[in-house]
Amino acid sequence: GTTAAGPIKQGGTLRIVAQTPAGPLDPVAMADLGTYCPVVTCFDYLVDALGGEVKPMLAETWKPNADGSVWTFNLRKGVKWHDGTPFTSADVVATMDRLSTANLKASLAAGSTKAIDDFTVEITLLSPDGQFPQQVGAYNPQSVITPKDFVLGTTLDKRKTGTGAFKLTKYDAATGATFEANTDWWGGRPFLDKLEISFSDDLATQVSGLQGGAADAIAQFS
């Protein structure tokens, strides 16, 4: 329309209906939308690759060598994990090493990511890839950046962490999850105070909940 929107109001709770997670909230092994939705509410990627254009996220800039076999990422400074621990290149190195045995094993080997300094990492690939940044964005969901001491198999509800805009406060695998704003988020204070995700696998129930005012949004529907 032609009517200008007013200023965005601070505060409030967004109520979302989403698919029930098919498994644990494991950021490295998640394989369905129901698990992905809570996980990426708390974790960030190196880049934001949704929509086709690759944009900065935990990495501010990146560049390849001449043939695209080595990529250097310059990381955002001042980022904190939800427990207040500073985010550094050591977290990225550890994440890439974990993913080298998981869903990035076709792209890199363990030990191929090096910390140049606290905010610069160099990733050497198994073969040249001019589109590698998209492999460390949301198109490759399991590539969220996890803490350096993260242990494979750890789930978000057991270790409530991340660098994202919201912190997990409550989780029930059958009914839903709640989140509060991360006021120290690198992107600035979120406009919303809370998120409430209710789980449902029945599309009719999701739609009727939205129409009846019990929810504000549906994560995905046909």
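Before any of the text, the structure's been laid out above.
Model, not experiment: these values are computed from the prediction. (Residues numbered from 1 in each chain as written. Predicted model: local features only at pLDDT ≥ 70, side-chain atom pairs only at ≥ 80, totals over all residues. Heavy atoms only, no water.)

(A) Structural context of the layout of surface pockets. By volume, the largest pocket amounts to about 400 Å³. Residue lining of the largest pocket: 18 residues in total, with Tyr36, Val40, Thr41, Phe43 and Met57 positioned closest to the centre. If you list the elements that add at least two residues to the lining of the largest pocket, you get helix H1 (33–42) and strand E2 (47–48). Per-element accounting of the lining of the largest pocket gives the leading share, 4 residues, to H1. Of the residues in the lining of the largest pocket, the class split is 14 nonpolar, 2 polar and 2 charged. (1 Å grid on protein atoms, 1.4 Å probe; cavity = no way out; pocket = protein on both sides within 12 Å on 5 of 7 lines; lining within 4 Å. Points joined across faces, edges and corners; volume = space filled by probe spheres on them. Helix = DSSP H or I, 4+ residues; strand = E, 2+ residues; numbered from the N terminus. Nonpolar A, V, L, I, M, F, W, Y, C, P; charged D, E, K, R; others polar.)

(B) Structural detail: the pairing of strand E8 (residues 166–172). Pairing of E8 with strand E9 (residues 176–181), which is carried by 6 bridges, proceeds in the antiparallel orientation. When the sheet's bridge partners are listed, phenylalanine 166 is paired in E9 with alanine 181. Here E8 hands over to E9 after 3 residues, the two strands then running antiparallel side by side. (Pairing = 2+ DSSP bridges.)

(C) Focus on the side chain of threonine 161. If you trace the backbone, threonine 161 turns up in the loop between strand E7 (120–124) and E8. Owing to a relative accessible area of 4%, threonine 161 belongs among the buried residues under this scheme. If near-sequence neighbours (up to four positions away) are discounted, threonine 161 is found in contact with Cys42, Phe43, Trp81, His82, Pro147 and Leu156. (Buried < 20%, exposed > 50% of the residue type's maximum accessible area, 1.4 Å probe, protein only. Contact = heavy atoms within 4.5 Å.)

(D) Main features of the pattern of salt bridges. Under the defined criterion, the tally for this structure stands at 4 salt bridges. For aspartate 216, the salt bridge identified is with arginine 15, shortest N-O distance 2.9 Å. Of this pair, aspartate 216 sits in the loop between helix H3 (203–211) and strand E11 (217–218) while arginine 15 sits in strand E1 (residues 13–18), and the two are 201 residues apart along the sequence. Aspartate 216 gets classed as partly exposed once you look at its relative accessible area, which sits at 37%. Judged by its relative accessible area of 28%, arginine 15 falls in the partly exposed class. Note that arginine 189 is salt-bridged to aspartate 193, the shortest N-O span being 3.8 Å. On the basis of relative accessibility, which here comes to 30%, the residue aspartate 193 falls in the partly exposed class. (Salt bridge = Lys/Arg side-chain N within 4 Å of Asp/Glu carboxyl O.)

(E) The arrangement of the environment of glycine 130 in detail. By secondary structure assignment, the location of glycine 130 is in the loop between E7 and E8. In the structure, glycine 130 is positioned 62 residues away from glycine 68 in sequence and 5.2 Å away in space, judged by C-alpha atoms.

(F) Highlighting the sheet that holds E8. The sheet built from 5 strands is open, its strands ordered E8-E9-E10-E1-E11 with mixed pairing. On the outer flanks of this sheet lie E8 and E11, each paired with one strand and no other.

(G) Spatial organisation of the pairing of strand E10 (residues 194–199). Across the two faces of E10 the burial differs, with Leu195, Ile197 and Phe199 buried and Lys194, Glu196 and Ser198 not buried at all. The pairing of E1 with E10 spans 6 bridges and is parallel. Looking at E10, one finds that arginine 15 is bridged to glutamate 196. For E9 and E10, the ladder comprises 5 bridges, and the chain directions are antiparallel. For glycine 176, the partnering residue across the bridge sits in E10 and is serine 198.

(H) Structural detail: the side chain of threonine 120. Summarising the element assignment, threonine 120 is placed in strand E7. Of the residues examined, threonine 120 reaches a relative accessible area of 11% and is grouped as buried. Excluding residues within four positions of it along the chain, threonine 120 makes contact with Thr72, Phe73, Asn74, Ser89, Lys114 and Ala115.

(I) The sheet that holds strand E6 (residues 113–117), seen in detail. Across the sheet, 4 strands lie side by side as E4-E5-E7-E6; this open sheet has antiparallel pairing. Among the strands making up the open sheet, the edge pair consists of strand E4 (59–64) and E6. Within the sheet, the average angular offset between the axes of one strand and its neighbour, ignoring direction, is 20 degrees. (Axes fitted to C-alpha atoms, helices over the stretch in contact; angles between N-to-C directions.)

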